[in-house]
Amino acid sequence: LASRWRAAWAGYAAFAWVVVFFAFHVYWEFGGRFGFGDQTDPLPDRGGSIAAWLFSVLTLLAFPVGALVALATVQSWGRSIPRRLLFSLLWAGFLVLVLRGGGSMLEDLLQATGVLQDGFTGLSQEQVRGPNPSAYTIWSARGIDAVFLLGGILFGAPLRHYRRSFRGSGAGPP
């Protein structure tokens, strides 16, 4: 019973994270700036390129897919989704979010200590945040990184429970 409760909590927590993060994206699209510090243009340039358009579409699709995947781990209708597909989508969500949040945090640390001045991307802090960013902007960016990392951790929890649910069932883990 306790294991079932933890598994349900994990799925619903991941779902809640997706809903809240989607709400923030809607807020930002309508001009909201909370979480971006005092940057003048914090949203990525979407330009007219196919790559920028594709990135926007994939980002938009990630929200409903992520919400459904999280719920599928705790709802009865989720059993109709092929195990390997659901397992793969959980892994993808976990990896993308942990790499985005944790990678940015590691990059900040390496840049702050002078180990890797231009980070993983070859962009300096000035190129990313502008010249002389305020403490508010720097900490806002770190907060966004932490939100991505939290999302990865929250997707990792149902992934762990979902994988564990197949042990001893004779089906083996996906």
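Quantities reported herein were computed from a predicted structural model and do not represent experimental measurements.

Chemist: Please explain the nonpolar core as it appears in this structure.
Modeler: Among soluble globular proteins, nonpolar side chains are generally buried collectively. Formed by 22 residues in total, the largest nonpolar core has its most connected members in W17, V18, F21, L86, L90 and F155. When contributions to this core are tallied by element, the ones reaching two or more residues are α1 (2–29), α2 (50–72), α3 (83–112) and α5 (135–164). Contacts of L90, omitting those with residues within four sequence positions, involve V69, T73, F155, P158, L159 and Y162.

Chemist: It is not clear to me how the packing of aromatic side chains should be interpreted in this structure. Could you clarify?
Modeler: Aromatic rings in a pair are described by how distant their centres are and how their planes are angled relative to each other. Under the definition given, this model contains 11 aromatic pairs. For the ring pair W17 and F21, a centre distance of 4.9 Å and an interplane angle of 25° mean the geometry is stacked. Placement of both W17 and F21 in helix α1 is noted, with a separation of 4 residues, approximately one turn of the helix. Owing to a relative accessible area of 10%, W17 belongs among the buried residues under this scheme. Centroid distance F87 to W91: 6.4 Å. Interplanar angle 80°. Geometry classified as edge-to-face. In this pair, F87 and W91 are both assigned in helix α3, 4 residues apart and thus about one turn of the helix distant. Through pairs of rings, three or more aromatic residues link up here, namely W17, F21, F22, F24, Y27, W28, F34, F36, F63 and F148.

Chemist: Just to check I follow, could you spell out a nonpolar patch on the surface for this structure?
Modeler: A cluster of nonpolar side chains, contributed by W53, L54, L58, L61, V65, L85 and L89, occupies part of the molecular surface with about 660 Å² of accessible area. Only α2 and α3 provide two or more residues apiece to the nonpolar patch. It is α2 that contributes the most residues to the nonpolar patch, 5 residues altogether. Mapped onto the fold, L58 is located in helix α2.

Chemist: Help me understand the packing of α3 against α5, please; the structure alone is not making it clear to me.
Modeler: Two quantities define a packed helix pair, namely the angle between the axes and the distance from one axis to the other. The geometry of α3 relative to α5 is characterised by a closest axis approach of 7 Å and an angle of 150° between their N-to-C directions. Viewed along their axes, α3 and α5 adopt a mutual orientation that is roughly antiparallel. For the crossing formed where α3 meets α5, the hand is left-handed. Considered class by class, the residues forming the contact of α3 with α5 number 17 nonpolar, 7 polar and 6 charged.

Chemist: Looking at this structure, I do not really get the side chain of S140. What am I missing?
Modeler: Along the chain, S140 falls in helix α5. Here Y136 takes part through its backbone oxygen, which lies 2.7 Å from a polar atom of the side chain of S140.

Chemist: Would you mind showing me how to read the pattern of salt bridges here?
Modeler: Enumeration over the complete set of coordinates arrives at 2 salt bridges. Measuring nitrogen to oxygen at the nearest pair gives 2.7 Å for the salt bridge that ties D145 to R100. With a gap of 45 residues between them, D145 in helix α5 and R100 in helix α3 connect regions that are remote in the sequence. Look at D145 and you get buried, because its relative accessible area is 5%. On the accessibility criterion, R100 (31% relative accessible area) is partly exposed. A salt bridge links R142 to D108, with the shortest nitrogen-to-oxygen separation between them at 3.9 Å. Here R142, found in helix α5, pairs with D108, found in helix α3; they are 34 residues apart in sequence, far enough to count as distant. Judged by its relative accessible area of 8%, D108 is buried.

Thresholds, definitions, all that
- Residues numbered from 1 in each chain as written.
- Predicted model: local features only at pLDDT ≥ 70, side-chain atom pairs only at ≥ 80, totals over all residues.
- Heavy atoms only, no water.
- Core = buried A, V, L, I, M, F, W, Y, C linked by side-chain atoms within 4.5 Å.
- Buried < 20%, exposed > 50% of the residue type's maximum accessible area, 1.4 Å probe, protein only.
- Helix = DSSP H or I, 4+ residues; strand = E, 2+ residues; numbered from the N terminus.
- Contact = heavy atoms within 4.5 Å.
- Phe/Tyr/Trp six-rings, centres within 6.5 Å; stacked < 30°, edge-to-face > 60°.
- Patch = residues over 30% accessible without salt bridge, like charges linked within 9 Å, V, L, I, M, F, W, Y side chains within 5 Å.
- Areas by Shrake-Rupley, 256 points an atom, 1.4 Å probe, with all protein chains shown as cover.
- Salt bridge = Lys/Arg side-chain N within 4 Å of Asp/Glu carboxyl O.
- Axes fitted to C-alpha atoms, helices over the stretch in contact; angles between N-to-C directions.
- Parallel < 35°, antiparallel > 145°, perpendicular 65-115°, else oblique.
- Left-handed = near helix turned anticlockwise from the far one by under 90°.
- Nonpolar A, V, L, I, M, F, W, Y, C, P; charged D, E, K, R; others polar.
- Polar contact = N/O pair within 3.5 Å; in protein donor to acceptor, adjacent residues only side chain to side chain.

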